Amino acid sequence: MGLLLLAVGIYSLFSNFRGFIIIGLGVFMLLIEGSEFDFTDRKYRKTKSILGFTIGKWQPLPEIEYVSVFKTTETTTLRQTSAEANVKTEVIKLNLFYENNKRIETYRTYDIEDAFKKAKDIATLLNVDILDATEKESKWL
């Protein structure tokens, strides 16, 4: 959809300036945000990527205390001309905690098994524990 909007926007530039708006929508739909980690050099960066081009400034990875796996609900608002609906989705997130309460969001998924597999991989690389906060009572793994 993003590529289509991008193409239509570029084509529209030849006739009027509304093409800039369509190009903007296309870029927005193609934009991917995330995190990238280099555990061997102990650095990370928050990334924005579009069509394979990634930008983001590398920062030193702080001394991580533990990996947290938890469930949360994300709400997406869908709007039509005369109606609005909120769609709630359960998502599982991984955070790396350091300096007591500071955190780096690392990963998000809808599959709990995938989340714990990634958490184990990261915890092994960093030699830290995993906090399972997916239930009411958190527990250390």
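Please refer to the structure placed before this passage.
The rules behind the values
Residues numbered from 1 in each chain as written. Predicted model: local features only at pLDDT ≥ 70, side-chain atom pairs only at ≥ 80, totals over all residues. Heavy atoms only, no water. Patch = residues over 30% accessible without salt bridge, like charges linked within 9 Å, V, L, I, M, F, W, Y side chains within 5 Å. Areas by Shrake-Rupley, 256 points an atom, 1.4 Å probe, with all protein chains shown as cover. Salt bridge = Lys/Arg side-chain N within 4 Å of Asp/Glu carboxyl O. Helix = DSSP H or I, 4+ residues; strand = E, 2+ residues; numbered from the N terminus. Buried < 20%, exposed > 50% of the residue type's maximum accessible area, 1.4 Å probe, protein only. Core = buried A, V, L, I, M, F, W, Y, C linked by side-chain atoms within 4.5 Å. Contact = heavy atoms within 4.5 Å.

Enquirer: Is there a simple way to explain a nonpolar patch on the surface in this structure?
Expert: Taken together, the side chains of Met1, Leu4, Val8, Phe28 and Met29 define a hydrophobic patch exposed on the protein surface, amounting to about 570 Å² of accessible area. Topologically, Met1 is positioned in the segment before helix H1 (2-12). Under the relative-accessibility criterion, Met1 is labelled exposed at 66%.

Enquirer: How do you make sense of the nonpolar core when you look at a structure like this?
Expert: Within soluble globular proteins, side chains that are nonpolar tend to cluster in buried spots. Membership of the largest hydrophobic core comes to 19 residues, with the highest contact counts inside it found for Leu61, Val67, Val69, Leu96, Ile104 and Leu126. Put simply, the parts of the chain that give this core at least two residues each are strand S5 (64-79), strand S6 (84-98) and helix H3 (112-126). Broken down by element, this core gets its largest block of residues, 6 residues, from H3. Sequence-distant contacts of Leu61, defined by excluding residues within four places in its chain, comprise Phe37, Phe39, Arg42, Lys43, Tyr44, Ile104 and Leu126.

Enquirer: I would appreciate a short explanation of the pattern of salt bridges in the present structure.
Expert: A side chain of one charge can pair with a side chain of the opposite charge if their charged atoms are brought near each other. This structure, assessed with the given rule, holds 9 salt bridges. Note that Arg108 is salt-bridged to Glu74, the shortest N-O span being 2.9 Å. Taken together, the positions of Arg108 in strand S7 (residues 102-109) and Glu74 in strand S5 put the pair 34 residues apart, joining distant regions of the chain. Ionic pairing is found between Lys93 and Glu105, a salt bridge with its closest N-O pair at 3.7 Å.

These figures come from the coordinates and say nothing about function on their own.
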